[in-house]
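# Close look at the chain arrangement
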Amino acid sequence: MVEGLYQFYGALPCHTLVWSRKAGPNKRFWNLFPELRHELLRDGNGGCHKVFRTAQRLSENPPHSLAHFASATTHYHQLSIVCSKKGCLRPLPTSAMSADMQCVDIQCEELSDARWAELLPLLPRCQAVRLDDCGLSEAQCEDVGSALQANSALTELSLRNNEVGDAGVRRVLQALQSSPCKIQKLSFQSCYLTVAGCGVLSGTLRSLPTLQELHLSDNPMGDAGLQLLCEGLLDPQCRLEKLQLEYCSLSSAGCEPLASVLRAKPDFKELTVSNNDIDETGVRALCQGLKDSPCQLETLKLEKCGVTSDNCRDLCSILASKASLRELALGNNKLGDVGITELCPGLLHPSSRLRTLWIWECGLTAKSCVDLCRVLRAKDSLKELSLAGNELGDEGAQLLCESLLEPGCQLESLWVKSCSLTAACCSHFSSVLAKNKFLLELQISENRLGDAGVQELCRGLGQPGSVLRSLWLGDCDVSDSSCSSLAATLLANHSLRELDLSNNCLGDEGILALMGSVRQPACLLEQLVLYDIYWSLEMENRLQALEEEKPSLRIIS
């Protein structure tokens, strides 16, 4: 996941606000958008688009400076273009222009007439067409529609981040209705779809019985638009499984029609309504719809929706009744310790097999850890837990670590970033790193661990039994004096593949110590992340030489 996020195919100018030389988000960016680092690094492309949207809204950076993340990985038979800013394009190495191409994936390119004429003949034979953030016009949407009418192989179409409006969407939908294709995934995210467009989409859904995923986030449809959409979703011919509606200006009024859809659709598997003000009443309506539904829901995302501690009682029922539920995202809601107490009986229910629980920035304290630790000890199905941005303190960290040492806990990823931790808790984490055989990722950035805390962590990592693969120590008050311990650990540890030391007070001396170990064949580290660390030009040249000397290593700065 992280490897894809950090991949980059073009150099940015040094003065760019958001990204450093190798596409690293700099300190000013994170100061502007502190809540987004969790989403960006955790959510892959989805997180990228959250950052992109927020940056646009605040008008603090060039509108396309984030887009290189959107095509972070490439595959055989795929055409993908990325850029650092508008007009600065570089095609990725690919054989996608061959006759047997299966995918056109273009992101962030202003399409000239010549370029458009070049692309159009490719569309009728692609299984997937992604033209994201390309400045498409209504006329170009008509061209896309005409091309797709002759495409029987198409299964995915994405036009996200093009402000084509209702008219452009209408032209594409009309073409899909008469196309022989069996479309499965359709994205009109951030296309400026309004109530009128939702009416057209609603009428089209009955003509697309193979459609499984519909992405409509970032459109000002409002409750009236959702009402129309739900009328189409209720058609017996519509067999949609996944629906994304983030940032759609929804309120609690839109949740009753959506609840009716949930009751009627046994195939429904994923619902995302994060970042809408649906509040307690709306969340309760959705939960009631899910309780009444025969669907085997797998993913429910309600981040920043106004979920309350009282709603946790409703969600508890969902956890108990939906054995299929694997991911629950409740971040950035005021749940408080009371909410977690209400939620945990559902998590502990014998039928609950939840895999991922995101409760970052939910106003939790160490008291919540008491309840959560019961879940960690009892549920080996829970693999990912994010508690980032909660005031857990060292007391909460100790409780978590004690549970991580229990045989019933098989957690693989723990996020305790910005949780008011100090060096005092690091001996407990050290024991976990030495003895736990399941934890692969520990995000502990933005805590005042200091050199003493990091050296304690190194003791655990240096033990033969350590299995951790990713350790994030950004902004943890680490100095050059810790680098000798880190360097020794990198040689002793054979599991660690990624180490993040961003935004720490390291200089040439510390970097040199790390380089001494990293260049050794015995060091298996694949990615060293050093955002917002300043070194001399000579050290810069040495780091570049090291990357050339050891192709398996990537140094991100």
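What counts, and where the lines are drawn
- Residues numbered from 1 in each chain as written.
- Predicted model: local features only at pLDDT ≥ 70, side-chain atom pairs only at ≥ 80, totals over all residues.
- Heavy atoms only, no water.
- Helix = DSSP H or I, 4+ residues; strand = E, 2+ residues; numbered from the N terminus.
- Buried < 20%, exposed > 50% of the residue type's maximum accessible area, 1.4 Å probe, protein only.
- Contact = heavy atoms within 4.5 Å.
- Areas by Shrake-Rupley, 256 points an atom, 1.4 Å probe, with all protein chains shown as cover.
- Phe/Tyr/Trp six-rings, centres within 6.5 Å; stacked < 30°, edge-to-face > 60°.
- Expected span 1.5 Å × (residues − 1).
- Arc of directions from axis to C-beta.
- Axes fitted to C-alpha atoms, helices over the stretch in contact; angles between N-to-C directions.
- Parallel < 35°, antiparallel > 145°, perpendicular 65-115°, else oblique.
- Left-handed = near helix turned anticlockwise from the far one by under 90°.
- Salt bridge = Lys/Arg side-chain N within 4 Å of Asp/Glu carboxyl O.
- Lys, Arg positive; Asp, Glu negative; His and termini not counted.
- Polar contact = N/O pair within 3.5 Å; in protein donor to acceptor, adjacent residues only side chain to side chain.
- Core = buried A, V, L, I, M, F, W, Y, C linked by side-chain atoms within 4.5 Å.
- pLDDT = per-residue confidence, 0-100.
- Nonpolar A, V, L, I, M, F, W, Y, C, P; charged D, E, K, R; others polar.

Turning our eyes to something else, we now look at the overall build of the chain. Scanning the chain from N- to C-terminus turns up 20 helices and 19 strands. A total of 557 residues make up the chain; the buried ones form 58% of that total. Partitioning the contacts of the chain with sequence separation of at least 6, the portion at a separation of at least 24 is 83%. Of the roughly 20,600 Å² of accessible surface on the chain, 50% is carried by carbon and sulfur atoms.

This part covers the packing of aromatic side chains. What the rule picks out here adds up to one aromatic pair. On the numbers, 5.0 Å between centres and 80 degrees between planes, the contact of Trp415 with Trp472 is edge-to-face. Of this pair, Trp415 sits in strand 14 (residues 413–415) while Trp472 sits in strand 16 (residues 470–472); the two residues are 57 residues apart in sequence, bridging distant segments of the chain. Both residues of the pair, Trp415 and Trp472, count as buried.

Before going further, it helps to examine helix 15 (residues 393–404). Look at helix 15: 17 Å from first C-alpha to last across twelve residues, which is about the 16 Å you get at 1.5 Å a residue. Listing the buried residues of helix 15 in full gives Gly393, Gly396, Ala397, Leu400, Cys401, Ser403 and Leu404. Burial along helix 15 is one-sided: seen end-on, the buried residues are contained in an arc of 160 degrees. Turning to helix 15, the residues buried within the fold contact helix 14 (366–378), strand 14 and helix 16 (426–435).

Moving on to the packing of helix 17 (residues 450–461) against helix 18 (residues 483–492). Relative orientation of the contacting elements helix 17 and helix 18 amounts to 15 degrees, with a least axis distance of 9 Å. It follows that helix 17 is roughly parallel to helix 18 by the angle criterion. Regarding helix 17 and helix 18, the two cross each other, and that crossing is left-handed. Facing helix 17, whose interface residues are Val454, Gln455, Cys458 and Leu461, helix 18 presents Ser485, Leu486 and Thr489.

Turning our eyes to something else, we now look at the pattern of salt bridges. One pass over the structure, following the stated rule, counts 26 salt bridges. Here Arg130 and Glu156 are joined by a salt bridge, their closest N and O atoms 2.8 Å apart. Residue Arg130 is found in strand 4 (residues 128–132), and its partner Glu156 is found in strand 5 (residues 156–158); the two are separated by 26 residues along the sequence. Notably, a salt bridge pairs Arg313 with Asp310, separated by 3.9 Å at the nearest N-O pair.

With that settled, consider the side chain of Lys265. Topologically, Lys265 is positioned in the loop between helix 10 (255–264) and strand 9 (270–272). Notably, Lys265 is buried but unbridged: the nearest opposite-charge side chain belongs to Asp235, and the N-O separation is 6.5 Å. A distance of 2.6 Å separates the side chain of Lys265 from the backbone oxygen of Cys238, its partner in a polar contact. For Lys265, the residues in contact, after removing those within four places along its chain, are Leu233, Leu234, Asp235, Pro236, Cys238, Ser293 and Cys295.

This part covers unusual backbone geometry. With a phi angle near 55 degrees, Ser190 is a residue other than glycine that sits in the positive phi range. Following the sequence through the fold, Ser190 ends up in the loop between strand 6 (185–187) and helix 8 (195–205). Classification of Ser190 as buried rests on a relative accessible area of 18%.

Below, the discussion takes up helix 9 (residues 222–233). For helix 9, spanning twelve residues, the distance from its first C-alpha to its last is 16 Å, which sits close to the expected 16 Å at 1.5 Å a residue. Considering only its buried residues, helix 9 is in contact with helix 8, strand 7 (213–215), strand 8 (242–244) and helix 10.

Quick look at the nonpolar core now. In this structure, Leu245, Leu302, Ile359 and Phe429 are the most contacted members of the largest nonpolar core, which totals 143 residues. Once you skip the residues sitting within four places of it in the chain, Leu302 turns out to touch Val273, Ser274, Ile278, Val283, Leu286, Val307, Leu315, Ala329, Leu330 and Asn333.

Now for the confidence of the model for the chain. Looking at the chain, pLDDT values average 84 and 82% of them are 70 or higher. Contacts from residues 1–100, a stretch scored under 50 in pLDDT, to residues over four places away or in other chains number 228 contacts.

For the pair helix 7 (residues 165–178) and helix 8, interaxial distance at closest approach is 9 Å and the crossing angle is 5 degrees. Judged by the angle between their axes, helix 7 and helix 8 are roughly parallel. From helix 7, Asp166, Arg170, Leu173 and Gln177 reach across to helix 8, where they touch Ala196, Gly197, Val200, Leu201, Gly203 and Thr204. Partitioned by chemical class, the residues of the contact of helix 7 with helix 8 number four nonpolar, four polar and two charged.

We now examine the environment of Glu138. Counting through the fold element by element, Glu138 comes out in helix 6 (residues 138–148). For the pair Glu138 and Asp166, spaced 28 residues apart in the sequence, the C-alpha separation amounts to 9.2 Å. Once residues lying within four places of it in the same chain are set aside, the contact partners of Glu138 are Ala167, Gly168 and Arg171.

By the secondary structure assignment, Leu411 is in the loop between helix 15 and strand 14. Separated by 55 residues in sequence, Leu411 and Thr356 place their C-alpha atoms 9.6 Å apart. Other than its neighbours up to four places away in sequence, Leu411 contacts Leu376, Leu382, Lys383, Glu384, Leu385, Leu404, Phe438 and Leu439.

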